[in-house]
Amino acid sequence: MDNAVHNGVWSGTWVAERLGVELVGRHDLRELLGLALRRNPKRAHLLVSNVLGKHVPQSPAVVYGHGFALGRRVRELLGADESRRAVVLGYAETATGLGHCVADGVGLAPYLHSTRRPVEGVARAGGFEEAHSHATSHLLLPENPALLAGPGPLVLVDDEFSTGNTVLNTIRALHERYPRERYVIVALVDMRSAADAGRLDVFADEIGARVDLVTTADGTVRLPEGVLEKGQELVERYENPPSGARGTARTAPTDPQPPHNRFTRVELRWPRGIPDGGRHGFTPGHRIRMEAALPAMAARLAECLPEDARRVLVLGFEELMYAPLRLARELEQVLEGAEVRSSTTTRSPVLAVDDPGYAIRSRLVFPAHDDPADGPGERYTYNVAGAGFDAVVAVVDSAADTPELHAPDGLLAKLAAHTPNVVLAVVPSYVPALPHVPERPRMLPEPLRGPAFSSYPPDEVGWLLRDLSDVSLEAPTEEREEAIQAGGAHYAESLPVEYQPSDQYQELFRAALDTSAARIAQAVGAVTELVLAERSPRPVLVSLARAGTPVGALMRRWAKHRHGLELPHYAVSIVRGRGIDANALRWLAAHHDPADVVFVDGWTGKGAITRELADAIKEFEDSDGITGFDPEIAVLADPGSCVRTYGTREDFLIPSACLNSTVSGLISRTVLRADLVGPNDFHGAKFYRELAGADVSVDFLDAVAARFPEVADAVDTTVKELLAADRSPTWEGWAAVERISEEYEIHDVNLVKPGVGETTRVLLRRVPWKILARAGAGADLDHVRLLAEQRGVPVEEVAELPYTCVGLIHPKYTRGATGADGKAVSV
């Protein structure tokens, strides 16, 4: 039953002979398509795909393979760069799974499908009508409306391209709201008539965009005069089953009365936060997480199936096609010797005729069980009755797990009448979390921008800070250290005197930049691609000032370079022990969706800021009721293994760590002091205009960004590896810091600063006690050794060190303490 040509008989023969319909095209067109009749006043015949996994049960490997192959062809057509900017849009209900498979083939492309199910609280981003369909209204309900607003190519996927009306109407409607330069139409078969074929070029000229078409096969259907009336007459003749056979075709077997609720429920343990499909958007990151969970879910399904099951059907539910298909594909590999097939229930009413020359051999009818917006009605599944399945796994979403599903005339009962084993698996229906925006947001100032504040161009970053440039805040390093350790002051209440690098140190910086620019560029590309794949297709980058600011600026440049995206970028203050600037969060929530905000930092040390941010976001949610901010930081380097989103976990020299304000837009550390920062102010900072002669902030960005083209392939490889890897934080860095703190009798983890970046900060801002360097560390530590020599700080080589180096701050510092042990007192 799952072949379009079975025992030499094409499954379109019955319709062709009775209506005079001809299928004209490539020799393999009949392998792909059969014919059936449907009750529809606009079109009598139905092209029934043998490889779609909808009406005809088919091997999931075959179904997935066709969609994925189309996606690969789209990727080849667009090229790697344009593919990364693409968004894939599939059509409900028939092509939701196909579109998803195409998106997988394209690669790092988010996926969205239209839907006929309104979701309360989710705003429409668009909609369109399907002229020839039995159910016409399509809704577009992306969780992130910006998914449709980007400039990259839009790839539209349907199972067949017949007249072209539906797709072209969709493009026209979307183009009016979100114009773009390129569209790609994808279909399994192109069945346009000669008259329709020429419309595509005319349409492209009309809207001023390029429109391409990618299909598996092409042909056309020749229809004789009066075919609609003849088809309707045939449907009337064959769609009156005898009494007691409701729900099957005239020649299909009559449903026996099954025992009520004869099925087994299996708990899939679907991954939390992964959408059940593309109704609200589905990212490559979602796919990677889902794929990681598939083997365990398939194993749970297999445990519920009888050992002697040799023919198994995984039956999806209307728009829920992709998840059941992927589960079936996994089962196909798990169940040795068994024949696994995949298909889906549908709204589409099709005549069933038990004839080898007809594509729909049997039909089961059951009531809708997902409380549809258009009211109750019949639903169908085809080619299941009489197909000899030993077991059927019905996969529905939780919105469809209703009493109607379990009713005596419901889907489960109908399945149980035709197979000895029915298994029910429920996937949680994904409903987007709506961000809470305060009713009366406080009046907060707009971000500060260069050149009035910072040496960065105004579009590079907006600083959610208060300008304290005219306030004297600097104190000698030794005085600050003594006050901080004595508990008399917080480090954020004053500023260290800005380090003025010597000519020799500046040469070290430039040499380090020349050596590491490509390495940094690769890490920037990798972490940006992870953010786009897993966090948001249109993220709002929010750097933690100030070490995160150059990294956020580079991520913004990468997104523009590779994807043509103009991402918003801001810098905010976070203070250890005091949390993140709550007013900055309020401003962000009033101007952006908090779910799109991605916090950015340069690197992790022991993970103190990572924990600080998580605690601060939780406290902010409790106090303001504003939710949606994800506290996980995206960093260039994660040597402490504290986060999931990073470019590398290697501890290497990031040249921006070598300098202070002169590589960060001439902006100071942030300041939080009650007499300077009021309840409605952002945290403060200074703009050191007087240091413009030594400023290398833009030079640093330009040097790294210049390497973007040469690292593109390496970034692709790195991202693929990272997406497939287990990146769960291990907090190895924190454990190492605790060990070092005790081993050196410091007994305060805040005085242990691991990693090249943090060690550099110790030497520039604090009173260093000693430096621990991994034995054999090379040029990455040249600047550390120079600074240590200038400040008279010993560098101790350690054989077993998880970081390249660790800076130790003078314990219990007083200005009289000297010596390597920090305890001797000079007289």
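Please refer to the structure placed before this passage.
Here the structure is a predicted model, which is why all the values come from computation and not from measurement.

Engineer: Break down the overall build of the chain for me, citing the residues and quoting the values.
Structural biologist: When you go through the chain residue by residue, the secondary structure sums to 22 helices and 36 strands. In the chain, buried positions account for 61% of the 827 residues. A fraction of 77% describes how many contacts in the chain between residues 6 or more apart in sequence connect residues 24 or more apart. For the chain, the exposed area adds up to about 31400 Å²; of that, 49% sits on carbon and sulfur atoms.

Engineer: Outline the packing of helix 16 (residues 582-591) against helix 17 (residues 608-624), listing residues and values.
Structural biologist: Between helix 16 and helix 17, the least distance of the axes is 11 Å, while the angle of their chain directions is 70°. Looking at the two axes, helix 16 sits roughly perpendicular to helix 17. In the crossing of helix 16 with helix 17, the sense of the turn from one axis to the other is right-handed. Every residue of helix 17 that contacts helix 16 at Ala 582, Leu 585 and Arg 586 is listed here: Ile 617, Phe 620 and Asp 624. A class-by-class count of the residues in the contact of helix 16 with helix 17 yields 4 nonpolar, no polar and 2 charged.

Engineer: Which residues make up the pattern of salt bridges, and what are the values?
Structural biologist: For side chains bearing opposite charge, pairing can occur when the charged atoms are close. Counted under the stated rule, the structure contains 43 salt bridges. Linking Arg 557 and Asp 702 is a salt bridge whose minimum nitrogen-to-oxygen distance equals 2.7 Å. Of this pair, Arg 557 sits in helix 15 (residues 548-563) while Asp 702 sits in helix 18 (residues 697-705), and the two are 145 residues apart along the sequence. As a salt-bridge pair, Asp 716 and Arg 562 come within 3.9 Å of each other at their nearest N and O atoms. Here Asp 716 is found in helix 19 (residues 708-724), whereas its partner Arg 562 is found in helix 15, with 154 residues between them in sequence. On the basis of relative accessibility, which here comes to 24%, the residue Asp 716 falls in the partly exposed class. A network of salt bridges, in which partner residues are shared, links Glu 460, Arg 556, Arg 557, Lys 560, Glu 566 and Asp 702.

Engineer: Any details on helix 19? Residues and values, ideally.
Structural biologist: For helix 19, spanning 17 residues, the distance from its first C-alpha to its last is 23 Å, which sits close to the expected 24 Å at 1.5 Å a residue. At Ala 714, helix 19 shows its maximal bend, which comes to roughly 35°. All buried positions along helix 19 are accounted for by Phe 708, Val 711, Ala 712, Val 715, Thr 718, Val 719, Leu 722 and Leu 723. On its buried side, helix 19 packs onto helix 9 (284-303), helix 14 (503-535), helix 15, strand 29 (645-648) and helix 18.

Engineer: A description of the nonpolar core should follow, citing residues and the corresponding values.
Structural biologist: Buried together is how nonpolar side chains tend to be arranged in soluble globular proteins. If you look at the biggest cluster of nonpolar residues, it comprises 133 residues, and the most contacted ones within it are Leu 37, Val 88, Val 155, Val 186, Leu 301, Tyr 358 and Leu 415. If near-sequence neighbours (up to four positions away) are discounted, Leu 37 is found in contact with Trp 14, Val 15, Leu 19, Ala 44, His 45, Gly 231, Leu 234, Val 235, Val 350, Leu 351 and Tyr 358. Counting 111 residues, the second largest nonpolar core, distinct from the first, contains Trp 603, Ala 616, Leu 691 and Cys 805.

Engineer: Now, about the pairing of strand 17 (residues 378-382): what can you tell me, with residues and values included?
Structural biologist: Burial within strand 17 is extensive, with 4 of its 5 residues counted as buried. Relative to strand 17, strand 16 (residues 363-367) is paired through 5 bridges, and the arrangement is antiparallel. Looking at the pairing, Arg 363 lines up with Tyr 382 of strand 17.

Engineer: Summarise the packing of aromatic side chains; cite the residues concerned and give the values.
Structural biologist: Per the stated rule, a full pass over the model turns up 12 aromatic pairs. Ring geometry for Phe 453 against Trp 463: centres 6.1 Å apart, planes inclined by 75°, an arrangement best described as edge-to-face. With Phe 453 in the loop between strand 19 (422-427) and strand 20 (462-463) and Trp 463 in strand 20, the pair connects residues that are 10 residues apart, well separated along the chain. A centroid spacing of 6.2 Å and a plane angle of 65° characterise the contact between Phe 620 and Phe 629, whose relative ring orientation is edge-to-face. Phe 629 sits in the buried class, given a relative accessible area of 5%. Taken together, the aromatic side chains of Phe 453, Tyr 456, Trp 463 and Phe 687 make up a single cluster linked through ring pairs.

Engineer: Tell me about the sheet that holds strand 32 (residues 768-774), residues and numbers included.
Structural biologist: The mixed open sheet is built from 4 strands, whose spatial order is 31-34-32-33. Only two strands of the sheet have a single neighbouring strand rather than two, namely strand 31 (752-754) and strand 33 (795-798). For this sheet, the mean inter-axis angle between neighbouring strands, taken without regard to orientation, is 20°. Two elements, strand 32 and strand 33, share 4 bridges in a ladder whose sense is parallel.

Engineer: Explain the sheet that holds strand 19 to me, using residue names and the numbers behind them.
Structural biologist: Sheet strands associate in pairs through backbone hydrogen bonding, adopting either a parallel or an antiparallel arrangement. Taken together, 5 strands build an open sheet; the order of strands is 13-19-18-14-15 and the sheet is parallel. Of all strands in the sheet, those bounded by a partner on one side alone are strand 13 (264-266) and strand 15 (339-345). Taken over all neighbouring pairs, the strand axes of this sheet differ in orientation by 25° on average, direction set aside. As paired elements, strand 13 and strand 19 share 3 bridges and run parallel to each other. Considered in strand 19, the bridge of Arg 265 is made with Leu 424. Strands in contact with helix 10 (residues 322-334) are strand 14 (311-317), strand 15 and strand 18 (391-397); relative to strand 15, the strand with the most contacts, it is inclined by about 170°.

Engineer: Explain the side chain of Ser 741 to me, using residue names and the numbers behind them.
Structural biologist: When you line up the elements, Ser 741 lands in helix 20 (residues 732-743). For Ser 741, a relative accessible area of 1% puts it in the buried group.

Conventions and cut-offs
Along each chain, residues carry numbers from 1 onward, in the same order as the chain's sequence is written. Whole-chain, interface and lining totals are the exception, using all residues; otherwise, since this is a predicted model, local features are given only for residues with pLDDT of at least 70 and side-chain atom pairs are given and counted only at 80 or more. Note that water and hydrogens are dropped before the side-chain values are worked out from all heavy atoms of the structure. Helix and strand definitions follow DSSP, with helices as H or I runs of at least four residues and strands as E runs of at least two, each counted in order from the N terminus. Accessibility here uses a 1.4 Å probe with only protein chains present; expressed as a share of the type maximum, an area under 20% marks a residue as buried, one over 50% as exposed, and anything in between as partly exposed. Here, two residues are considered to be in contact whenever any of their heavy atoms come within 4.5 Å of each other. Surface exposure here means Shrake-Rupley accessible area, sampled with a 1.4 Å probe, where a residue is shielded only by the protein chains that are shown. To define axes, lines are fitted to C-alpha atoms, for helices over the stretch in contact only, and angles between the resulting N-to-C directions are given on a 0 to 180 degree scale. Angle categories: roughly parallel below 35 degrees, roughly antiparallel above 145, roughly perpendicular from 65 to 115, and oblique for all the rest. Whether a crossing is left-handed or right-handed is set by the direction in which the near helix is turned from the far one by less than a right angle, anticlockwise for left-handed and clockwise for right-handed. When residue character is reported, Ala, Val, Leu, Ile, Met, Phe, Trp, Tyr, Cys and Pro are called nonpolar, Asp, Glu, Lys and Arg charged, and the others, Gly included, polar. Any carboxyl oxygen of Asp or Glu that lies within 4 Å of a side-chain nitrogen of Lys or Arg is treated as forming a salt bridge with it. Here the expected length of a helix is defined as 1.5 Å per residue gap, with one fewer gap than residues. What we call the bend at a residue is the angle made by axes fitted to the seven residues finishing there and the seven residues starting there. Nonpolar cores are built from buried Ala, Val, Leu, Ile, Met, Phe, Trp, Tyr and Cys residues. Side-chain atoms within 4.5 Å join them into one set. By this definition, two strands are paired if DSSP reports at least two bridges between them. Stacked, edge-to-face and tilted labels apply to pairs of Phe, Tyr and Trp rings (six-membered ring for Trp) whose centres lie within 6.5 Å, assigned for plane angles under 30 degrees, over 60, and everything in between, in that order.

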